[in-house]
Each structure stands twice: as structure tokens, then as C-alpha cells.
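# Breakdown of the fold
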Amino acid sequence: MSIAWVFPGQGSQKKGMADHILKLPGATERFELASNIIGRDLLAICRGEDLEAISLSDINDTRNTQPALFVVESLLVDDLLRQGRTASLLAGHSLGEIVALYAAQVLDAKTALRLLKRRSELMSSAGGGAMTALIGFDRKQLEGLLSSTEGVVIANDNSSAQVVLSGTPQSVKAVSEG
């Protein structure tokens, strides 16, 4: 039997997501490394602590979300490897691809975090657009709305029951509410 490890992307973050992994070996050091690279206290952000000195303390800010998810997921990878577990296949969705590359030992943690810092900054600075996930919709109705609404496309066709739309804020809203 083949084992696959599949890593999620943004959208799987939540306040307190690091609480259960802080006991893992290397957790404190990994969070310190990430904090030094991104210039903010990533562990405090994951915990949802009120930090007046940090203006970007929201876990949903992509500049925090991407490094935070990487740290949490990479620590889980490290723990699985310490247990002698391995995977025959590695995959990731969006940000999860970086974790898969870490799990495959293509990237080390420092390189991955530097890449994610730049990636998240670029994504954050790409202004004027919007994205939203649609779940449980009529596909034919959605296709009709998309063909009659300029400025919106399916960015990720994740399954027959879930897609991600992207485009201008007005167009994304019109289709998602249509």
C-alpha cells in the first residue's frame, strides 16, 4: 500500500493552530526562525495574542498565514519522519506545494520561509482583486453567470462541488451572490 501526504493551502489556518505542536522537538526554534525572517512574532500571531506592537497580527493576513501554515505543517512532517514514517507520494495545494517540497527535502526550512515571505508579500500587494470559494452550487448556473459577467473567472476548479473565483471585487461578489 502506498502512503501519500497531501498538504493544504490557505484556508486551513485558525487561531491557536500551533498550540498542540509546541511540544514537538524544534518547534520553538522553527517559530523563532520564521519570526526572524518575516519580522513579526509568528507564534504570537498563531496564538491570536493581542500584540499592540505588531500591526499585522491577523492570522488571515496572507503575509502571516503562509509562513504560519508552513511552520505548523513542517513540524508535523518532522515528527512523522522522527517516527520512521515515510510517504511514497507528496502533494500540496497552493501553499501546500512548498510544504511538499520541504517534505521531499528539496527545500530546507530557512529557504522555504524566505520563499514564502516573498510569495506572501507579492500576493498581498496584488491589489484590486478578490477571491472567494464557492461550495455547493449549480454548475450550469455558475457557468451562465461567469459567461455573462466580465472580470471574474474560476481560479481553482477543486471539485464538482467547490471552486475558487477570482477577479474584480464587484464581479466576484455578483457571481458569488447570483
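Provided above is the structure to which this section pertains.
This text gives an overview of the structure that appears in the document. (Residues numbered from 1 in each chain as written. Predicted model: local features only at pLDDT ≥ 70, side-chain atom pairs only at ≥ 80, totals over all residues. Heavy atoms only, no water.)

## Quick look at the layout of surface pockets
- One number sums up the size of the largest pocket: a volume of about 550 Å³.
- The wall of the largest pocket is formed by 16 residues, among which Gln10, Ser94, Met123, Met131 and Val164 lie closest to the centre.
- Of the residues that constitute the lining of the largest pocket, the class distribution is six nonpolar, ten polar and no charged. (1 Å grid on protein atoms, 1.4 Å probe; cavity = no way out; pocket = protein on both sides within 12 Å on 5 of 7 lines; lining within 4 Å. Points joined across faces, edges and corners; volume = space filled by probe spheres on them. Nonpolar A, V, L, I, M, F, W, Y, C, P; charged D, E, K, R; others polar.)

## A look at the packing of helix H1 (residues 27-38) against helix H5 (residues 109-125)
- Relative to each other, H1 and H5 sit at 40 degrees, their axes nearing to 10 Å. Note that H1 runs across H5; the crossing there is right-handed. Residues Arg30, Leu33, Ala34, Ile37 and Ile38 of H1 pack against Ala109, Lys110, Leu113, Arg114 and Lys117 of H5.
- Here the contact of H1 with H5 is built from residues that sort into six nonpolar, no polar and four charged. (Axes fitted to C-alpha atoms, helices over the stretch in contact; angles between N-to-C directions. Helix = DSSP H or I, 4+ residues; strand = E, 2+ residues; numbered from the N terminus. Left-handed = near helix turned anticlockwise from the far one by under 90°. Contact = heavy atoms within 4.5 Å.)

## Things to note about the environment of Val153
- Within the element layout of this structure, Val153 appears in strand E4 (residues 152-159).
- Filtering out sequence-adjacent residues up to four positions away, Val153 remains in contact with Leu146, Val164, Leu165 and Ser166.

## A word on the pattern of salt bridges
- If you walk through the whole model with that rule in mind, you get eight salt bridges.
- Its salt-bridge partner being Asp78, residue Arg30 comes within 2.7 Å of it at the nearest N-O pair. Of the two residues, Arg30 sits in helix H1 while Asp78 sits in helix H3 (residues 62-82), which places them 48 residues apart along the sequence.
- Its salt-bridge partner being Arg118, residue Glu121 comes within 4.0 Å of it at the nearest N-O pair. One end of the pair, Glu121, and the other, Arg118, are both in helix H5, three residues apart, so they sit about a helical turn from each other.
- Take Glu121: its relative accessible area is 30%, and that puts it in the partly exposed class. (Salt bridge = Lys/Arg side-chain N within 4 Å of Asp/Glu carboxyl O. Buried < 20%, exposed > 50% of the residue type's maximum accessible area, 1.4 Å probe, protein only.)

## Points about the nonpolar core
- One finds Phe31, Leu42, Cys46, Phe70 and Val71 to be the most contacted residues of the largest nonpolar core, which totals 33 residues.
- Residue assignment for this core shows that the elements contributing at least two residues are strand E1 (4-7), H1, helix H2 (42-47), H3, helix H4 (96-103) and H5.
- Of the residues forming this core, the biggest block, seven residues, is contributed by H3.
- Ignoring anything within four residues of it in the chain, the contact list for Cys46 reads Lys14, Lys15, Gly16, Met17, Ala18, Phe31, Ile59 and Ala68.
- Membership of the second largest hydrophobic core comes to eight residues, among which are Leu134, Leu146, Val152 and Leu165. (Core = buried A, V, L, I, M, F, W, Y, C linked by side-chain atoms within 4.5 Å.)

## Considerations on the packing of aromatic side chains
- Tallied over the entire structure, the rule returns one aromatic pair.
- Considering the side-chain rings of Phe70 and Tyr102, the 5.5 Å spacing of their centres and the 85 degrees angle between planes classify their relative orientation as edge-to-face. Placement of the pair is Phe70 in helix H3 and Tyr102 in helix H4, with a sequence separation of 32 residues. Here the two residues Phe70 and Tyr102 agree in accessibility, since each one is buried. (Phe/Tyr/Trp six-rings, centres within 6.5 Å; stacked < 30°, edge-to-face > 60°.)

Shape is all these values report; function is a separate question.
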